[in-house]
Amino acid sequence: MQKKLSKKKIIIAVSIIAVIIILFFMGKTMAMTYYQKVDFSTGLVTASTLNVRQGPSTLYKTITQVYKNQYIRVFAQIGTWYVIQTDNDYVGCVSKDYIKPIYPTTGNTGTNNNSSGSVTTTSGLTSDEQEVFNLINQQRTKAGLSALKISQEVQKVARDKAQDMVNLGYFSHNSPTYGSPFDMLKSYKVSYKTAGENIAGNSSNQGAVNAWMNSEGHRANILNSSYNYTGIAVVKSNKYGKIYVQMFIGK
């Protein structure tokens with residue numbers, strides 16, 4: 001009786017170990033294939049209408065839809081699906097077959113974005129600032145306008161204004177430190193014929209640009225043909241996630 005029991009225990013023990021080993025290797029395999037980082041953050045929808053689902057399968061419920069030529073923020077890949085955020089701040093999954101990645105191309109200088117969806121990088125900008133800059137010029141290109149160029153003078157003004165808003169905890173075009181955007185440009189000795197400013201508080205770069213484009217006044221600044229230079233600042237904010245300041249000037 002004792003001998004049979006020992007064999008039974010051995011069989012059970014071996015079985016448990018085998019299951020643990022199988023689960024271990026399955027876990028490693030799933031970890032490698034289930035969740036993957038992506039090397040881009042902006043995607044362009046290529047389908048006329050694309051369902052955004054609660055999970056990475058058609059079995060999951062549709063929570064919203066995105067449309068052709070709409071830009072979305074892409075966080076990660078799960079199998080053949082992307083985890084994305086829409087301009088109305090829904091987070092869900094879409095089939096990667098209908099999303100075109102937007103990759104920045106390397107360059108020392110550049111300000112352009114063409115109708116094919118390619119983008120260029122600009123020396124001195126952070127990755128957040130570069131993405132906003134590209135998104136803004138995409139909107140101008142679609143409207144048939146020339147792309148804005150970065151002015152290093154205006155860039156400094158925008159960064160100082162954004163940091164001032166974060167440091168002092170206000171959200172306004174009028175700074176208690178610098179006054180109006182026009183006062184600030186003057187104090188920084190920036191010459192211009194026309195000027196404007198957009199500000200935003202948002203958790204994502206795409207969300208900030210979409211919010212501007214959905215506001216008549218902000219959209220008018222972005223699509224103003226008299227502006228040809230800009231400065232864009234993105235600073236982390238505990239309250240909003242990020243503070244955005246875009247200064248525009250025309251020379």
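Predicted model, so just to flag it, every value in this text is computed and none were measured.

A.B. asks: Outline the overall build of the protein chain, listing residues and values.
C.D. replies: What the protein chain contains, in helices and strands, is six helices and 14 strands. The 251 residues of the protein chain split such that 43% are buried. Total accessible area on the protein chain stands at roughly 13800 Å², and carbon and sulfur atoms take up 55% of it.

A.B. asks: Please give an account of the pairing of strand S14 (residues 241-250) that cites residues and values.
C.D. replies: Within S14, nine of the ten residues are buried, which leaves it mostly tucked inside the rest of the structure. Bridge count for strand S12 (residues 194-202) against S14 is nine bridges, and the pairing is antiparallel. The residue of S14 that forms the bridge with Asn198 is Gln246. With nine bridges joining them, strand S13 (residues 229-237) and S14 adopt antiparallel strand pairing. Counterpart to Thr230 in the pairing with S14 is Phe248. Between the antiparallel neighbours S13 and S14 lie three residues.

A.B. asks: So what's going on with the nonpolar core? Which residues, and what values?
C.D. replies: Membership of the largest hydrophobic core comes to 21 residues, with the highest contact counts inside it found for Val132, Ile136, Val209, Trp212, Ile222 and Tyr244. Elements with a minimum of two residues in this core: helix H2 (127-142), helix H5 (205-213), S13 and S14. Those residues within four positions of Ile136 in sequence are excluded, and the remaining contacts are Leu148, Val209, Trp212, Ile222 and Gln246.

A.B. asks: Can you tell me about the side chain of Ser237, naming the residues and giving the values?
C.D. replies: Among the secondary structure elements, Ser237 is positioned in strand S13. In terms of polar contacts, Ser237 uses its side chain to reach the backbone amide nitrogen of Lys239, at 3.3 Å. If sequence neighbours within four positions are ignored, Ser237 has contacts with Val166, Lys242 and Ile243.

A.B. asks: Hey, could you go over unusual backbone geometry for me, with residue numbers and the actual values?
C.D. replies: The backbone of Lys189 sits at a positive phi, close to 60 degrees, despite the residue not being glycine. Structurally, Lys189 can be placed in the loop between helix H4 (181-187) and S12. Its relative accessible area of 69% is what places Lys189 among the exposed residues.

A.B. asks: So what's going on with helix H3 (residues 152-168)? Which residues, and what values?
C.D. replies: In a regular helix each residue adds 1.5 Å, so 17 residues correspond to 24 Å; H3 covers 24 Å between its end C-alpha atoms and thus fits that length. On its buried face, H3 is in contact with H2, strand S11 (149-150), H4, S12, S13 and S14. Once H3 ends, the next one or two residues include Gly169, with phi positive near 70 degrees.

A.B. asks: Let's hear about the sheet that holds S13: which residues, and what values?
C.D. replies: Reading across from one edge, S11-S13-S14-S12 is the order of the four strands in this open sheet, with mixed pairing throughout. The outermost strands of the open sheet, each flanked by one partner alone, are S11 and S12. Where H3 meets the sheet, it contacts S11, S12, S13 and S14, and its direction lies at approximately 25 degrees from that of S13. Those strands touched by H5 are S12, S13 and S14, and its axis lies near 125 degrees from that of S12.

A.B. asks: With reference to specific residues and values, describe the packing of aromatic side chains.
C.D. replies: Counting across every chain of the model gives three aromatic pairs. The positively charged end of Lys251 is found above the aromatic ring belonging to Tyr229, 5.1 Å away from the centroid.

A.B. asks: Explain the confidence of the model for the protein chain to me, and be specific about the residues and the numbers.
C.D. replies: Averaged over all residues, the pLDDT of the protein chain equals 81, while 77% of them reach at least 70. Here residues 19-33 is a poorly scored stretch, pLDDT under 50, and it has two contacts once near neighbours within four places are set aside; other chains count. Between residues 104-120, whose pLDDT stays under 50, and residues either more than four places distant or in other chains, the model counts 42 contacts.

A.B. asks: Please set out the pattern of salt bridges residue by residue, giving values where relevant.
C.D. replies: Taken as a whole, this structure holds five salt bridges when the rule is applied. Across the salt bridge formed by Arg73 and Glu131, the nearest N and O atoms sit 3.5 Å from each other. A residue pair is termed long-range when its members are at least 10 positions apart, and Arg73 in strand S5 (residues 71-78) and Glu131 in helix H2 qualify at 58 residues. According to the relative accessible area criterion, Arg73 is buried, its value standing at 14%. For Glu131, a relative accessible area of 10% translates into the label buried.

A.B. asks: Would you mind going over the environment of Gln36 in detail, with residue names and values included?
C.D. replies: Structurally, Gln36 can be placed in strand S1 (residues 36-37). Under the relative-accessibility criterion, Gln36 is labelled partly exposed at 29%. Separated by 40 residues in the primary sequence, Gln36 and Ala76 have C-alpha atoms spaced 5.8 Å apart. In this structure, Gln36 is in contact with Ala76 and Gln77, ignoring residues within four places of it in sequence.

How each quantity is defined
- Residues numbered from 1 in each chain as written.
- Predicted model: local features only at pLDDT ≥ 70, side-chain atom pairs only at ≥ 80, totals over all residues.
- Heavy atoms only, no water.
- Helix = DSSP H or I, 4+ residues; strand = E, 2+ residues; numbered from the N terminus.
- Buried < 20%, exposed > 50% of the residue type's maximum accessible area, 1.4 Å probe, protein only.
- Areas by Shrake-Rupley, 256 points an atom, 1.4 Å probe, with all protein chains shown as cover.
- Pairing = 2+ DSSP bridges.
- Core = buried A, V, L, I, M, F, W, Y, C linked by side-chain atoms within 4.5 Å.
- Contact = heavy atoms within 4.5 Å.
- Polar contact = N/O pair within 3.5 Å; in protein donor to acceptor, adjacent residues only side chain to side chain.
- Expected span 1.5 Å × (residues − 1).
- Axes fitted to C-alpha atoms, helices over the stretch in contact; angles between N-to-C directions.
- Phe/Tyr/Trp six-rings, centres within 6.5 Å; stacked < 30°, edge-to-face > 60°.
- Lys NZ or Arg CZ within 6 Å of the ring centre and 35° of its normal.
- pLDDT = per-residue confidence, 0-100.
- Salt bridge = Lys/Arg side-chain N within 4 Å of Asp/Glu carboxyl O.

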